[in-house]
Structure formats: structure tokens, C-alpha cells
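Architecture at a glance
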Amino acid sequence: MFEGKSFLDIIQIGGFTMYILLFCSIVSVTVIVERLLAIRSRMKKAPTDFMARLSPLLESGDVPGARALCAEEKTPFSAVADAGLKTCGKSGEKIANAMDRQITVEVKDLERSLSVLGTIGSTVVYIGLFGTVLGIIRSFQQIAQTAGGQGGMDTVITGIAEALICTATGILVAVPAVIAYNLLTKRVENIATDMELVASETADLLAKD
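Residue positions are counted from 1 within each chain, in the order its sequence is given. Whole-chain, interface and lining totals are the exception, using all residues; otherwise, since this is a predicted model, local features are given only for residues with pLDDT of at least 70 and side-chain atom pairs are given and counted only at 80 or more. Computation of side-chain values covers all heavy atoms of the structure but excludes hydrogens and water.

1. Comments concerning the overall build of the protein chain
The helix and strand labels rest on DSSP assignments: H or I over at least four residues marks a helix, E over at least two residues marks a strand, and numbering proceeds from the N terminus. Tallying secondary structure elements over the protein chain gives 8 helices and 0 strands in all. Ordered by position from N to C terminus, the α and β elements of the protein chain give α-α-α-α-α-α-α-α. Any residue under 20% of the maximum accessible area for its type is buried, any over 50% is exposed, and the rest in between are partly exposed; the area is computed with a 1.4 Å probe on protein chains only. Among the 209 residues that make up the protein chain, the fraction classed as buried is 37%. Residues count as neighbours in contact if any of their non-hydrogen atoms are within 4.5 Å of one another. Taking the contacts inside the protein chain whose residues are at least 6 apart along the sequence as the reference set, 74% of them involve residues at least 24 apart.

As C-alpha cells, this is what we get:
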């Protein structure tokens, strides 16, 4: 049915809805790649490795050295620990609150653009169905306008098959978007949990000073 047709020809068969789906696909891939690279670049080391270097400094009371380590690491964990170190000498509650606020900031940064990915994953299938409905309507209109409505079953089947391109494309765009959204969201949740553990341990170490 689509033999000899180029990618552009297939898009044109699906109508303007295919251009919307193509745009959503480009945005989805861009967000997935950008978030993967962003998270990977910020997660250079495991939180256990960071705390293994931070704990001896705090136990010896070397707060400046600990802050220098945080500045060197440049990870969400080090940012959270540094927020607590900035308030060193204040009450345990203020130290904990400072780190909690930093966790919120870090999570918000890690989740950037994920809502776009989730929205694309949950809506492109419906956009594809909408395109298919429009394609079927257009197909029947063409049949009615030719040969007194006697286009034949082959004409009907061909029109519906071409209209279903939009649904197939919508599913093709939605599946990777939903999978990536779930995986990235879970990854951010795990990082948030690790940051909370780092904050808790850092607060305990500062309380000993």
C-alpha cells in the first residue's frame, strides 16, 4: 500500500495531524536526551563515596575543608551538604531546614521538563486517534463524491488504512515517551531519597560539633 512512497508522502497522507505528532516526537526525544545527559553529568559519584570523604572532615571539625569538598564535587548531594554547612553553628532544626530547602531546589531542577514528557506521552495517542477520525471522514467524503458513492470496498479499506497511520504514529511516539518519563521520574525519586539520607547523616555529624 505504501510501496514507493517517501517519508514525506506518508506524512502528507496522514494530514496535518502527522505534523503535530512529528513535532511532539522531536520534543520528546530532545527532552529525553537532555534529561539523561543532565542527570548523568550531575551524578558523577555515588552518595556513599561522597559521605566517605565528607564524614572524616566533619568528625575532625574541619568545616572549611568539608565545604571545599562540596564545591569540588558539584553534585546534588554536595549541594545539600553544603547548605547545611553554611548554617553550621546554628540549631539542628535550622541546619535540617536549610538542607530540606536545598533538596527541594535540587529535585525541582532534576524534574525540569519531565512534565512536558509526561504530557506528550499521555496525549499523543489521542492526537493520533483524532487524526484517524479526520482521515476516515475525509475518505468517506471522497467516496461519496466519486462514482455516485460506489467507490467499492477496496477504496474504503485503502482510505481507512491510510487514516490509521495517525494512530500508529501516535502510539509510536507515546510508548518511548511514557517509558522514559517513568524511568526518569523513578531515577529522580531515588536521587531525592539519597539526598535525604545525606542530609540526615550530615545533620548528625554537625550536631556532634
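2. Brief notes about helix H2 (residues 16-42)
To estimate the expected span of a helix, count its residues, drop one, and scale the result by 1.5 Å. For H2, built from 27 residues, the straight-helix expectation of 39 Å at 1.5 Å per residue is met to within 8% by its first-to-last C-alpha distance of 40 Å. When H2 is considered as a whole, its buried residues turn out to be Thr 17, Met 18, Leu 21, Cys 24, Ser 28, Val 31, Ile 32, Arg 35, Ala 38 and Ile 39.

3. Observations regarding helix H5 (residues 76-86)
When you tally the buried positions in H5, you get 9 out of 11 residues, the bulk of the element. Within the sequence span of H5, burial applies to Pro 76, Phe 77, Ser 78, Val 80, Ala 81, Asp 82, Ala 83, Gly 84 and Leu 85.

4. Let's talk about the pattern of salt bridges
Between side chains of opposite charge, a pair can form when the charged atoms approach closely. A side-chain nitrogen of Lys or Arg and a carboxyl oxygen of Asp or Glu constitute a salt bridge if their distance falls within 4 Å. Inspection of the entire model under this criterion finds 9 salt bridges. Note that Arg 112 and Glu 34 form a salt bridge whose closest N and O atoms lie 3.4 Å from each other. Here Glu 34 lies in helix H2 and Arg 112 lies in the loop between helix H6 (92-110) and helix H7 (114-145), a separation of 78 residues in the sequence. Note that Arg 112 and Asp 109 form a salt bridge whose closest N and O atoms lie 2.6 Å from each other. Overall, the relative accessible area of 38% leaves Arg 112 in the partly exposed class. Taking the relative accessible area as the measure of exposure, Asp 109 reaches 28% and is therefore partly exposed. Through salt bridges with shared partners, a single network forms among Glu 34, Arg 35, Arg 42, Glu 106, Asp 109 and Arg 112.

5. Details of a nonpolar patch on the surface
Note that patches include only residues with greater than 30% relative accessible area and no salt bridge, and the join distances are 9 Å for like charges and 5 Å for nonpolar side chains (Val, Leu, Ile, Met, Phe, Trp, Tyr). With residues, only the protein chains shown are counted as cover, and all accessible areas are computed by Shrake-Rupley using a 1.4 Å probe. Where nonpolar side chains cluster on the molecular surface, the patch consists of Phe 16, Tyr 19, Ile 20 and Phe 130 and spans about 410 Å² of accessible area. If you tally residues by element for the nonpolar patch, the top one is H2, at 3 residues. For Ile 20, the location among the structural elements is in helix H2. For Ile 20, a relative accessible area of 34% gives the class partly exposed.

6. Overview of the packing of helix H3 (residues 47-59) against helix H4 (residues 63-73)
What counts as an axis is a line fitted to C-alpha atoms, over the stretch in contact for a helix, and the angles between N-to-C directions run from 0 to 180 degrees. At a closest axis distance of 9 Å, the pairing of H3 and H4 adopts a crossing angle of 160°. In terms of axis orientation, H3 runs roughly antiparallel to H4. Seen from above, H3 lies across H4 with right-handed handedness. Across the interface between the two elements, Phe 50, Arg 53, Leu 54, Leu 57 and Leu 58 of H3 pack against Gly 65, Ala 66, Leu 69, Cys 70, Glu 72 and Glu 73 of H4. These descriptions rest on fixed angle ranges, namely under 35 degrees for roughly parallel, over 145 for roughly antiparallel, 65 to 115 for roughly perpendicular, and the rest for oblique. Each crossing gets its hand from how the near helix is turned against the far one by less than a right angle, where anticlockwise is left-handed and clockwise is right-handed.

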